[in-house]
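# Coordinates in review
This is what each chain is made of:
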Amino acid sequence: MRFLALLRKELRECLPWMLLVAIAFFAVGGFLLRAEAYYGGYRHYSRLSPGTVVDHYQLTYYQTLNLTGPWLFCLSIGLGLVLGVRHFWIPHFTRTWPFLLHRSVSRKSILAAKLTAGTIAFVISLGTVWVALYWYASRPEVFAIPPTVRVFIEGWIFIMLGLVAYLGTALSGLSTANWYTTKIFGLVLATVIIVTTLSQWTLAGIFTSIAVSVAILLSQIFDTFLRREF
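The rules behind each value
Residues numbered from 1 in each chain as written. Predicted model: local features only at pLDDT ≥ 70, side-chain atom pairs only at ≥ 80, totals over all residues. Heavy atoms only, no water. Phe/Tyr/Trp six-rings, centres within 6.5 Å; stacked < 30°, edge-to-face > 60°. Helix = DSSP H or I, 4+ residues; strand = E, 2+ residues; numbered from the N terminus. Lys NZ or Arg CZ within 6 Å of the ring centre and 35° of its normal. pLDDT = per-residue confidence, 0-100. Salt bridge = Lys/Arg side-chain N within 4 Å of Asp/Glu carboxyl O. Buried < 20%, exposed > 50% of the residue type's maximum accessible area, 1.4 Å probe, protein only. Contact = heavy atoms within 4.5 Å. Expected span 1.5 Å × (residues − 1).

Our focus in this paragraph is the packing of aromatic side chains. Applying the stated criterion across every chain yields a total of 5 aromatic pairs. Between Phe 73 and Phe 158, the aromatic rings sit 5.6 Å apart at their centres with planes inclined by 65°, giving edge-to-face as the arrangement. One end of the pair, Phe 73, is in helix α3 (residues 69–88); the other, Phe 158, is in helix α7 (residues 149–174), with 85 residues separating them in the sequence. Between Tyr 134 and Phe 152, the aromatic rings sit 4.7 Å apart at their centres with planes inclined by 50°, giving tilted as the arrangement. Here Phe 152 lies in helix α7 and Tyr 134 lies in helix α6 (residues 107–137), a separation of 18 residues in the sequence. The ring of Phe 88 carries Lys 114 above its face, with NZ or CZ at 5.9 Å from the centroid. The ring of Trp 89 has Lys 183 lying over it, and the distance from NZ or CZ to the ring centre is 5.4 Å.

Moving on: the confidence of the model for the chain. For the chain, the average pLDDT comes to 85, and 87% of its residues sit at 70 or higher. Of all the helices and strands in the chain, helix α2 (residues 57–60) carries the lowest mean pLDDT, 55, while α3 carries the highest, 95.

For the coordinates displayed, the defined rule picks out 6 salt bridges. For Arg 227, the salt bridge goes to Asp 223, with nearest N and O atoms at 2.7 Å. Highlighted residues: Arg 227 and Asp 223, both in helix α9 (residues 203–227), separated by 4 residues, approximately one helical turn. Judged by relative accessible area, which is 35%, Asp 223 ranks as partly exposed. Each of Lys 9, Glu 10, Glu 13, Arg 86 and Lys 114 takes part in a single network of salt bridges with overlapping partners.

Examined against the element boundaries, Arg 86 turns out to sit in helix α3. Distance in space between the C-alpha atoms of Arg 86 and Glu 10 is 9.6 Å, their sequence separation being 76 residues.

The next thing to look at is the side chain of Thr 169. If you trace the backbone, Thr 169 turns up in helix α7. Beyond its immediate stretch of four places on either side in the chain, Thr 169 contacts Gly 80, Leu 81, Gly 84, Val 85, Trp 89 and Leu 187.

As a further point, take α3. The end-to-end C-alpha distance of α3 is 28 Å, a good match for the 28 Å that 20 residues give at a rise of 1.5 Å each. Burial in α3 covers these residues: Gly 69, Leu 72, Leu 75, Ser 76, Ile 77, Leu 79, Gly 80, Leu 83, Gly 84, His 87 and Phe 88.

In structure tokens:
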């Protein structure tokens, strides 16, 4: 029950940012898909002259959800940075860490509640909207060519990269080192992993990079949080 109470507290603090990101992504993504449904296909296929031989790639390369990809990536990274600051930097600036840590609950439970709330925030605010947009783009009466499963997976990869940014921000916020030494390690590692992931072509390589980075960041976060003197 104590963990659930902490989790509800952290989710309440996340709620304004969750709503802001969800509304922004749903509004922009929905507008882009509706506009593409009315005008995009016409613009693309009107270039094909009647009676000419058409290569198959000219009919299948067109992925409507690609328009929402940059927005999903930017909103995911932004949400990760904001939640990381809210959960692990603001308590330091407002000097509320001692109040939180002197409750009758272990440090592991406090940290687990924050990380769980952050993960739930990504799944609800971005994951559910992404699923809804993919479902809409897959309807045959809206688009003649539905998006592929890989496009759906790539959307979740963008969301996971936001979670990597969240963990990197959390680690840098918890570190007691100076900025010119190792305090910036979390943000640097998160940036390297994001750039590395975007340069990968195979899904196996992408998921391996993300899994390794999450394991490293989580281990460092727990070790720093449990050892730190607040």
